[in-house]
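Letter by letter, the chains look like this.
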Amino acid sequence: MKPQELKAAVDKRRTFAIISHPDAGKTTITEQLLLFGGVIREAGTVKGRKSSHFAKSDWMAIEKQRGISVTSSVLQFQYAGKQINILDTPGHEDFSEDTYRTLMAVDAAVMVIDSAKGIEAQTKKLFKVVKQRGIPIFTFMNKLDRDGREPLDLIAELEDLLGIEGYAMNWPMGMGKGLAGLYDRVDHRIELYRENEAGEKYLPLDQDGKLDPSEPLANDSIYTDTLDSIELLNDAGNQFDLKKVMTGDQTPVFFGSALTNFGVETFLKHFVEMAPAPGPHKLQDGREISPTDPNFSGFVFKIQANMNPNHRDRIAFVRIGAGEFERGMDVTLARTGKVLRLNNSTEFMADTREQVQTAVAGDIVGLYDTGNFQIGDSIYAGKDPVEYEKLPQFTPELFMRVTPKNVMKQKSFHKGMQQLVQEGAVQLYRTYTTNDYILGAVGQLQFEVFKFRMQNEYNSEVVMTPIGSRVARWIDPDQLDEKMSSSRNLLVKDSQGLPLFLFENQYAERWFADKYPDVKLTAKL
């Protein structure tokens, strides 16, 4: 591609993740967005979980069984002349690790909030990670088709709990059974929940933000109440500030109902106009790399095995940071200096994977991997080495001992173990002297998924014995004396062979610190 062609292509990209608490309607809104992108003909609403009609973006066997999205899938579609890349992240709290890493690969985030429940614990956790990155956040208050909390309270809660200003782009007129429509402050119109007798979906507002008095709705108390709220917002609410939106200090708030597909297209239209195209990325040496840099480079933010049960495959998900990817190109893996030829690549539309020929900065490509890649790896074409900033590592809180049920099947046990750990689904530790396997996870569900996949994909039954919740702290190998370990602080080594203690609780950690005041203990994120 010529430089101006590359710039034009990069400017069309909008890459974002959707974050929410479980059940706030994230998968449903994803489906509706795909519907507008013309990718699916009907949205597989998530209601009929027992039926064979599953949501298009939940696709691992365990997800279909439990009806939750466990891994982040990547969906791409065209809308209004832009190329949209959505990274669907698991809402289930146990899968936070995969989710956190996904947030490193996007340029904006969409926060879906259940208007009946407001901001929930999981959303708060994810929001923190997004806030650290300083990327724009757009909010969709979902489930207006049910009775929920007062819209003013929901906006105030954004400021109180998350410390971000909310600016209402539209305002609900009623809710639940009494939902009449949305008062659109930006497009100066009312979007009706149900078309009126003349078959109109939108009613225009005059310069003063009022309906034509001859409209039947103009005499409805819902309309007059809405005008009072709008007046309050105009006088006392935040002023819209695009600069603040870009730095993640103000969030545009949209109301709607994903299930009944109300307000979703209005949201998508504004999102595509406001969300940023891919920007520069920081490198480890402190430089910044521009997305229009002519040499291709990118980083692996996730690895997933066996996306297709008919083929034993592993896919490394790469966020392109700069330049253009072409199938069959040679790249250097920064960690090892090894040159790899990228023949097999795939782009994603959940369930159907097509070979991608070219892609540019902002896009996500999947590379079939035979075991070369690790999470956080950088790859680059061209002479100058490029290493993207390290991805954060998270300290596990729950631990399990794991052994194969059938000692004769050691080979498949080790293979499955190695692949699932490389994928970053669980973290692996070995006891310091006896080398027993111990798994660490951020949440219980990760262990269940591990066990299920070991059996289903590697035909290896495992026995898992809980050690329970532990405080993991790394210790400088030079300060280590094996006599320091006891039943209350188990000594193990991580996948890099570095020593750490798993303390029974905070009390045991404090006792250790009092006994060995000179020993420095460290935690990951």
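Just so you know, these numbers come straight off a predicted model, no measurement behind them. (Residues numbered from 1 in each chain as written. Predicted model: local features only at pLDDT ≥ 70, side-chain atom pairs only at ≥ 80, totals over all residues. Heavy atoms only, no water.)

## Points about the nonpolar core
Line of reasoning, step 1. Ranked by internal contacts, the top residues of the largest apolar core, which has 62 residues, are Leu-158 and Ile-190.
Line of reasoning, step 2. Core analysis: the next-biggest nonpolar cluster, separate from the first, contains 26 residues, Tyr-79, Tyr-167, Phe-267 and Val-272 among them. (Core = buried A, V, L, I, M, F, W, Y, C linked by side-chain atoms within 4.5 Å. Buried < 20%, exposed > 50% of the residue type's maximum accessible area, 1.4 Å probe, protein only.)

## Here we look at the environment of Thr-292
Line of reasoning, step 1. Relative to the assigned elements, Thr-292 resides in the loop between β13 (288–289) and β14 (297–305).
Line of reasoning, step 2. Between the C-alpha atoms of Thr-292 and Glu-324, which are 32 residues apart in sequence, the distance is 8.5 Å.
Line of reasoning, step 3. Look past the residues within four positions of Thr-292 in its chain and what remains in contact with it is Leu-6 and Lys-7.
Line of reasoning, step 4. Among the polar contacts listed, one links the side chain of Thr-292 to the side chain of Ser-290, at a separation of 2.9 Å. (Helix = DSSP H or I, 4+ residues; strand = E, 2+ residues; numbered from the N terminus. Contact = heavy atoms within 4.5 Å. Polar contact = N/O pair within 3.5 Å; in protein donor to acceptor, adjacent residues only side chain to side chain.)

## Quick look at the side chain of Gln-427
Line of reasoning, step 1. Here Gln-427 shows up in strand β25 (residues 427–431).
Line of reasoning, step 2. Given a relative accessible area of 10%, Gln-427 falls into the buried group.
Line of reasoning, step 3. Within polar-contact distance, the side chain of Gln-427 engages the side chain of Tyr-429 at 2.8 Å.

## Remarks on the packing of aromatic side chains
Line of reasoning, step 1. Inspection of the entire model under this criterion finds 17 aromatic pairs.
Line of reasoning, step 2. Ring centres of Phe-503 and Phe-512 lie 5.4 Å apart, and the angle between their planes is 65°; on these two criteria the pair is classed as edge-to-face.
Line of reasoning, step 3. With a relative accessible area of 0%, Phe-503 lands in the buried category.
Line of reasoning, step 4. Look at Phe-512 and you get buried, because its relative accessible area is 1%.
Line of reasoning, step 5. Every member of this aromatic cluster is reached through a ring pair, and the members are Phe-16, Phe-138, Phe-140, Phe-254, Phe-267 and Phe-271.
Line of reasoning, step 6. Just above the ring of Tyr-432 sits the side chain of Lys-493; from NZ or CZ to the centre is 5.5 Å. (Phe/Tyr/Trp six-rings, centres within 6.5 Å; stacked < 30°, edge-to-face > 60°. Lys NZ or Arg CZ within 6 Å of the ring centre and 35° of its normal.)

## Re the layout of surface pockets
To find leftover empty space, one rolls a probe the size of a water molecule over the atoms.
Line of reasoning, step 1. As a volume, the second largest pocket reaches approximately 640 Å³.
Line of reasoning, step 2. For the lining of the second largest pocket, the secondary-structure elements that each account for two or more residues are α5 (121–133) and β12 (281–282).
Line of reasoning, step 3. Residue contributions to the lining of the second largest pocket peak at three residues, all from α5.
Line of reasoning, step 4. Counted by class, the lining of the second largest pocket contains 16 nonpolar, four polar and six charged residues. (1 Å grid on protein atoms, 1.4 Å probe; cavity = no way out; pocket = protein on both sides within 12 Å on 5 of 7 lines; lining within 4 Å. Points joined across faces, edges and corners; volume = space filled by probe spheres on them. Nonpolar A, V, L, I, M, F, W, Y, C, P; charged D, E, K, R; others polar.)

## A short note on helix α10 (residues 410–422)
Line of reasoning, step 1. Over its 13 residues, α10 runs 18 Å from end to end, which matches the ideal 18 Å to within 8%, given 1.5 Å per residue.
Line of reasoning, step 2. Within the span of α10, buried status applies to Phe-413, Gly-416, Met-417, Gln-419, Leu-420 and Val-421.
Line of reasoning, step 3. Phi turns positive one or two residues past the end of α10, at Gly-424, with a value near 85°. (Expected span 1.5 Å × (residues − 1).)

## Focus: the sheet that holds strand β8 (residues 181–184)
Line of reasoning, step 1. Pairing within the open sheet is antiparallel, and its four strands lie in the order β7-β8-β9-β10. Across the chains shown, the open sheet's two edge strands, defined by having one partner strand only, are β7 (170–173) and β10 (202–204). When the angles between neighbouring strand axes are averaged without regard to direction, this sheet yields 25°.
Line of reasoning, step 2. Here helix α7 (residues 221–236) sits on the sheet in contact with β7, β8 and β9 (189–192), set at roughly 150° to β7. (Pairing = 2+ DSSP bridges. Axes fitted to C-alpha atoms, helices over the stretch in contact; angles between N-to-C directions.)

## Some remarks on the environment of Leu-211
Line of reasoning, step 1. Within the secondary structure, Leu-211 sits in the loop between β10 and α7.
Line of reasoning, step 2. Placed 23 residues apart in sequence, Leu-211 and His-188 show a C-alpha to C-alpha distance of 9.9 Å.

## Regarding the environment of Ala-80
Line of reasoning, step 1. With respect to the helices, strands and loops of the structure, Ala-80 is situated in the loop between β2 (73–79) and β3 (82–88).
Line of reasoning, step 2. Under the relative-accessibility criterion, Ala-80 is labelled exposed at 59%.

## A short note on unusual backbone geometry
Line of reasoning, step 1. Residues other than glycine seldom take positive phi values, yet Asn-435 does so here, at roughly 60°.
Line of reasoning, step 2. Mapped onto the elements of the fold, Asn-435 is located in the loop between β25 and β26 (437–441).
Line of reasoning, step 3. A positive phi is found at Asn-459, a non-glycine position, where the angle reads about 55°.
Line of reasoning, step 4. On the accessibility criterion, Asn-459 (51% relative accessible area) is exposed.

## A closer look at empty space enclosed by the protein
Line of reasoning, step 1. For the structure on display, the rule yields three cavities of 30 Å³ or more.
Line of reasoning, step 2. Looking at the second largest cavity, its volume works out to about 40 Å³.
Line of reasoning, step 3. Lining the second largest cavity are Ser-486, Arg-488, Asn-489, Phe-503, Ala-508 and Trp-511.
Line of reasoning, step 4. Here the residues of the lining of the second largest cavity are counted per class, giving three nonpolar, two polar and one charged.

## Topic: the pairing of strand β29 (residues 489–493)
Line of reasoning, step 1. With four of five residues buried, β29 is to be regarded as a mostly interior element.
Line of reasoning, step 2. As paired elements, β29 and strand β30 (residues 499–503) share five bridges and run antiparallel to each other. Residue pairing across strands places Leu-491 opposite Phe-501, the latter belonging to β30.
Line of reasoning, step 3. Connecting β29 to the antiparallel partner β30 that follows it, the hairpin turn spans five residues, and Gly-497 within it adopts a positive phi of roughly 85°.

## A word on the sheet that holds β30
Line of reasoning, step 1. The strand order β27-β24-β26-β25-β29-β30-β28-β31 describes an open sheet built from eight strands, whose pairing is antiparallel. Only two strands of the sheet have a single neighbouring strand rather than two, namely β27 (462–469) and β31 (521–522).
Line of reasoning, step 2. Packed onto the sheet, α10 meets β24 (398–404), β25, β26 and β27 and runs at close to 150° relative to β24.
Line of reasoning, step 3. Sheet strands touched by helix α12 (residues 506–515): β28 (471–475), β29, β30 and β31. Its angle to β30, the strand with the most contacts, is close to 125°.

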